[in-house]
Amino acid sequence: MASLVTKNTTLLIKLIKNVTNNSKRLSSHFIYYPDNEVPVEGETAKMNMMQAINNAMDITLKNDPTAVLFGEDVGFGGVFRCSLGLQEKYGKDRVFNTPLCEQGIAGFGIGLATAGATAIAEIQFADYIFPAFDQIVNEAAKARYRSGGQFACGALTVRSPCSAVGHGALYHSQSPEAFFAHAPGLRVVVPRGPITAKGLLLSCIREPDPCIFLEPKILYRSANEEVPVGDYTLPLGKAQVLREGDAATLIAWGTQVHVLLEVADMAKEKLGVMCDVIDLQSILPWDEETVCNSVKKTGRCVISHEAPLTSGFGAEIAATVQEQCFLHLEAPVSRVCGWDAPFPHVFEPLYLPDKWRCYQALLDTLHY
Amino acid sequence: MALRTGACVLRYNALRTTARSLFTRTQPESTQNNVKPAEFPGAKAPYVTEMKFLNETSYDPIPIYRVMDNNGAVFESKEEPSIEKDTLIHMYKIMIQLSQMDKILYESQRQGRISFYMTNYGEEGIHVGSAAALSPDDLVFAQYREVGVFLYRGVTVTDIVNQCYGNVEDLGKGRQMPVHYGNKQHNLVTISSPLATQMPQAVGAAYALKRQENNDRCVICYFGDGAASEGDAFSALNFAATLDCPIIFLCRNNGYAISTPTSEQYRGDGIASRGPALGIRTVRVDGTDLLAVYNAVKESREFTVKNNKPVLIEAMSYRVGHHSTSDDSTAYRSIEEIQKWTNDESPIPKFKMYLESKGLWDAELEKSWAKESRDTVLRTMQVAEKKKLPHWKEMLEDVYYEMPSRIQKQMQEMENHLKKYSDKYPLNKFQSD
């Protein structure tokens, strides 16, 4: 009897160990830091990022009769459930599936916007946005410029889930913001959680320029906040300073903001120093002023993004910082990024610029 | 030669018969066996027990609809459209105006007065025939060889010449190469260079129109046989069909994509055969026959606005001119071939003979209108040439709705640079503050 208990206990322990190992493999590489301050007064509700995005689109469809939402599998709610319930609410002519073709989705959206409708296009994964690259970069971005201001497709917003998710590998993990940052005429925006997702998405939808709205997919369910239920927007082209300090400036966007917030806590705890943490939010056009003012104050700058190092958007920030803050810099601008390799499957924990790599970069910067 | 042709026809007929018998046997067999048609989500079709492949000879070639013969005589009087006399004359005048403009602007590029040009020779009938059959409210998404549509809509020679010069009067503010016209007032969406990108956009615009209250507008989307090979072309046709859009796709199949002949562009029965495959109502017309194009577009327009379903028209024609001023087409096709299409199968003489047969046109009118339209272009060019180019700051305007601070800074940087180096740039050509 005793041996049986022991055997069972051993099995149970083995099982628990197994589950723990598995969940460890799938667990996030960051701790989520929820926003505690709401941008507007009024009623709030607990929402994850998927619900906040759904809520923003709900508000749009309700108030703007020209607005339509479309993409692959959008009709039944989308593979990430962001359009859940919207087809039932607003009808099949406003929330609908398209054929499986990203260039078609982007082009279709441009046409809708050209003819006066508000277009919200979903590209199922940012990794699959490249067939639409021509439509976005050559058409949407240039529509106003090439027509001398006669035509524009600013009413187009392309939403797409991006970035690491724990097991996404090469084609479900990419962060393609830098590709689009090289296309004047576009706005590229990345939220860090439910409150910013709702406010920034509503801004993108109403903004008279075409927007690429990249949603870090790992935050869809893992990020929960008290989100204002009413209508509100957050400014585009503006960064947000989330922590203030004088030791260094830490810059990121999307999920990586949370990694740097933890690094700032580690620095405070272990080193007794305080850092500025900046969420860039808008990649294009970006808030040079907030970044440079911070670096002029701290003299040190660490930029981190999941996308590969070379020609990542960190390069643009670093170049601008050295130009604008040269005499204030106490150390070279540091970039902690994904390695210059495709995004790998089982190596994800080693590929990502996690808190340890970022913390070491901060140490190196502080001790330069 | 005759023998070989004969053998070819025989072989072709034999193939056709085999294909037909294969095809016709399909139906009875399934009913004989009393088997219910398959109900796969992807196809409701009969089962057969004999494996059959289909190929391009399994179907008859899609016929080419025409109204007139080469002498402008109408084959079937019931097919002759009833168009007001004044409109008929206007249509012809636009074709001549277009042709004269092409001639002069092409030459002006050769003289270095404008940087680039593309002629429309051989396709004037498609432009004018389609434009006349549309409502002026219908939204046009053009490729780059449809300027006749622009002229018919009311865009002036002056507008066109100003665009080619990129001067201060150019609506596009001198930003695009010549022939990239656009005119919002006339519902003509600005042209861009990438091929077929306008196609899914046209579908999206049609969807937006459909959703407008009491909509009576449609979209027409022009494209060429080369552009039809782009992924955007397929996506557009498929989106239009699945999303029920009021759009007319008008393919100008002029035989060449720059130097690539259609024989190297596709192997099926032209572009039209793709329509039914995607569930799109389709017709093929003789693009050198203005009246055939007019009838096809008119009927397509009625259908698409009423039913919110797309239509595909393939207008067969021949690109008589070179692809552009950067091309010499005699490097890849014979002069005899070009001559045949210039002399025997050209839309302008055909329509002229039609008008003459109705007593609406004669040699005297031809001479005076040709002169008038030529003079209009020359006069316009003299004026356009003297106009300044837009202010250099227009280089950085209209990128965004509001100029972001980084672009403002760049403008300031350039301004400072120009103050120091003003003699190094042709600033006198540009409008000043």
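Residues numbered from 1 in each chain as written. Chains lettered and ligands numbered in written order. Predicted model: local features only at pLDDT ≥ 70, side-chain atom pairs only at ≥ 80, totals over all residues. Heavy atoms only, no water.

Further remarks concern the sheet that holds strand E5 (residues 156-162) of chain A. Residue and element names in this part refer to chain A. Across the sheet, which stays open at both edges, the seven strands sit in the order E3-E2-E4-E5-E7-E6-E12 with mixed pairing between neighbours. Each end of this open sheet is capped by a strand with a single partner; those strands are strand E3 (95-97) and strand E12 (282-284). This sheet shows a mean twist of 20° between the axes of neighbouring strands, independent of strand direction. Bridging between strand E2 (residues 68-71) and E3 involves three bridges; their strand directions are parallel. If you follow phenylalanine 70 over to E3, its bridge partner there is phenylalanine 96. (Pairing = 2+ DSSP bridges. Helix = DSSP H or I, 4+ residues; strand = E, 2+ residues; numbered from the N terminus. Axes fitted to C-alpha atoms, helices over the stretch in contact; angles between N-to-C directions.)

Counting residues at the interface gives 49 residues for chain A, matched by 44 residues for chain B. Both sides of the chain A and chain B interface together cover about 3700 Å² of buried area, and 58% of this is carbon and sulfur. When residues of chain A are sorted by the area they lose upon contact with chain B, A:Tyr145, A:Arg146 and A:Gln150 head the list and together hold 20% of the total. Counting the contacts that link chain A with chain B gives four salt bridges. Counting across the interface, chain A meets chain B through 24 residue pairs in polar contact (both at pLDDT 80 or more). Secondary-structure elements contributing two or more residues to the side of chain A that touches chain B are E3, helix H4 (102-114), helix H5 (133-140), helix H6 (143-146) and helix H12 (313-324) of chain A. Ranked by residue count, the leading element in the side of chain A that touches chain B is H4(A), at nine residues. For the side of chain A that touches chain B, the per-class residue count stands at 21 nonpolar, 17 polar and 11 charged. (Contact = heavy atoms within 4.5 Å. Buried area = accessible area lost by both parts, 1.4 Å probe. Salt bridge = Lys/Arg side-chain N within 4 Å of Asp/Glu carboxyl O. Polar contact = N/O pair within 3.5 Å; in protein donor to acceptor, adjacent residues only side chain to side chain. Nonpolar A, V, L, I, M, F, W, Y, C, P; charged D, E, K, R; others polar.)

This brings us to the nonpolar core. With 95 residues, the main nonpolar core has A:Phe108, A:Ile317, B:Ile247 and B:Phe249 as its most contacted residues. Setting aside residues no more than four positions away along its own chain, B:Ile247 makes contact with B:Ala202, B:Val203, B:Ala206, B:Val219, B:Cys221, B:Ala240, B:Thr304, B:Lys309, B:Pro310 and B:Val311. B:Val67, B:Ile94, B:Phe150 and B:Ala384 belong to the second largest nonpolar core, which has 69 residues in total. (Core = buried A, V, L, I, M, F, W, Y, C linked by side-chain atoms within 4.5 Å. Buried < 20%, exposed > 50% of the residue type's maximum accessible area, 1.4 Å probe, protein only.)

Before going further, it helps to spend a moment on the environment of B:Val283. All names here are of chain B. Relative to the elements of secondary structure, valine 283 occurs in strand E7 (residues 281-286). Take valine 283: its relative accessible area is 28%, and that puts it in the partly exposed class. In the structure, valine 283 is positioned 159 residues away from glutamate 124 in sequence and 19 Å away in space, judged by C-alpha atoms. Not counting residues up to four positions away in its chain, the partners in contact with valine 283 are Ala296, Leu312, Ile313 and Glu314.

The subject of this paragraph is H12(A). In an α-helix, one turn spans 3.6 residues; hence positions three or four apart end up facing the same way. Residue and element names in this part refer to chain A. Helix length check: H12 (12 residues) gives 17 Å between terminal C-alpha atoms against 16 Å at 1.5 Å per residue, within 8%. Along H12, the residues classified as buried are Phe313, Gly314, Ile317, Ala318, Thr320 and Val321. In an axial view of H12, the angular spread of the buried residues amounts to 165°, which keeps them on one side of the axis. (Expected span 1.5 Å × (residues − 1). Arc of directions from axis to C-beta.)

Mapped onto this numbering, the UniProt entry gives "domain: Dehydrogenase E1 component" (unreviewed entry) at residues 93-391 of chain B. Taken end to end, residues 93-391 of chain B is 45% helix and 11% strand, and its first and last C-alpha atoms sit 36 Å apart. (UniProt positions renumbered as here; feature names shortened; annotations may be inferred.)

Before going further, it helps to spend a moment on the UniProt feature "domain: Transketolase-like pyrimidine-binding" (unreviewed entry) in chain A. On the UniProt side, "domain: Transketolase-like pyrimidine-binding" (unreviewed entry) is annotated at positions that read residues 47-222 of chain A here. The distance separating the terminal C-alpha atoms of residues 47-222 of chain A is 10 Å; by composition the span is 38% helix and 16% strand.

Let's shift gears to the environment of B:Thr260. All names here are of chain B. Mapped onto the elements, threonine 260 comes out in strand E6 (residues 260-261). In this structure threonine 260 comes out as partly exposed when scored by relative accessible area, which is 27%. Remark: the alpha-carbon pair of threonine 260 and threonine 304, spanning 44 residues in sequence, is separated by 33 Å. Other than its neighbours up to four places away in sequence, threonine 260 contacts Gly255 and Gln265.

Attention now goes to helix H7 (residues 231-242) of chain B. Here H7(B) is 12 residues long and its end C-alpha atoms lie 17 Å apart, about the 16 Å a rise of 1.5 Å per residue gives. Taken across its 12 residues, H7(B) has nine buried, putting it largely inside the fold. Where H7(B) is concerned, the buried positions are B:Asp232, B:Ala233, B:Ser235, B:Ala236, B:Leu237, B:Asn238, B:Phe239, B:Ala240 and B:Ala241. In this structure, the buried residues of H7(B) make contact with H4 and H5 of chain A together with helix H6 (198-211) and strand E4 (247-253) of chain B. Following H7(B) by one or two positions, B:Asp244 has its phi on the positive side, about 50°.

With the rule as written, the count across this model stands at 25 aromatic pairs over all chains. Aromatic pair A:Phe96 and A:Phe108: ring centres 6.2 Å apart, planes at 90°, arrangement edge-to-face. A residue pair is termed long-range when its members are at least 10 positions apart, and A:Phe96 in strand E3 and A:Phe108 in helix H4 qualify at 12 residues. Each member of the pair A:Phe96 and A:Phe108 is classed as buried. On the numbers, 5.9 Å between centres and 55° between planes, the contact of A:Phe108 with B:Phe239 is tilted. Taken as a pair, A:Phe108 in helix H4 and B:Phe239 in helix H7 lie in two separate chains rather than in one. With respect to burial, A:Phe108 and B:Phe239 carry one shared label: buried. Cluster of aromatic residues (ring-pair linked, three or more members): A:Phe70, A:Phe96, A:Phe108, B:Tyr207 and B:Phe239. For the cation-ring pair, B:Lys93 lies above B:Trp369, with the distance from its terminal atom to the ring centre recorded as 4.7 Å. Here the guanidinium or amino end of B:Lys340 rests over the ring plane of B:Trp341, the centre of that ring lying 4.6 Å away. (Phe/Tyr/Trp six-rings, centres within 6.5 Å; stacked < 30°, edge-to-face > 60°. Lys NZ or Arg CZ within 6 Å of the ring centre and 35° of its normal.)

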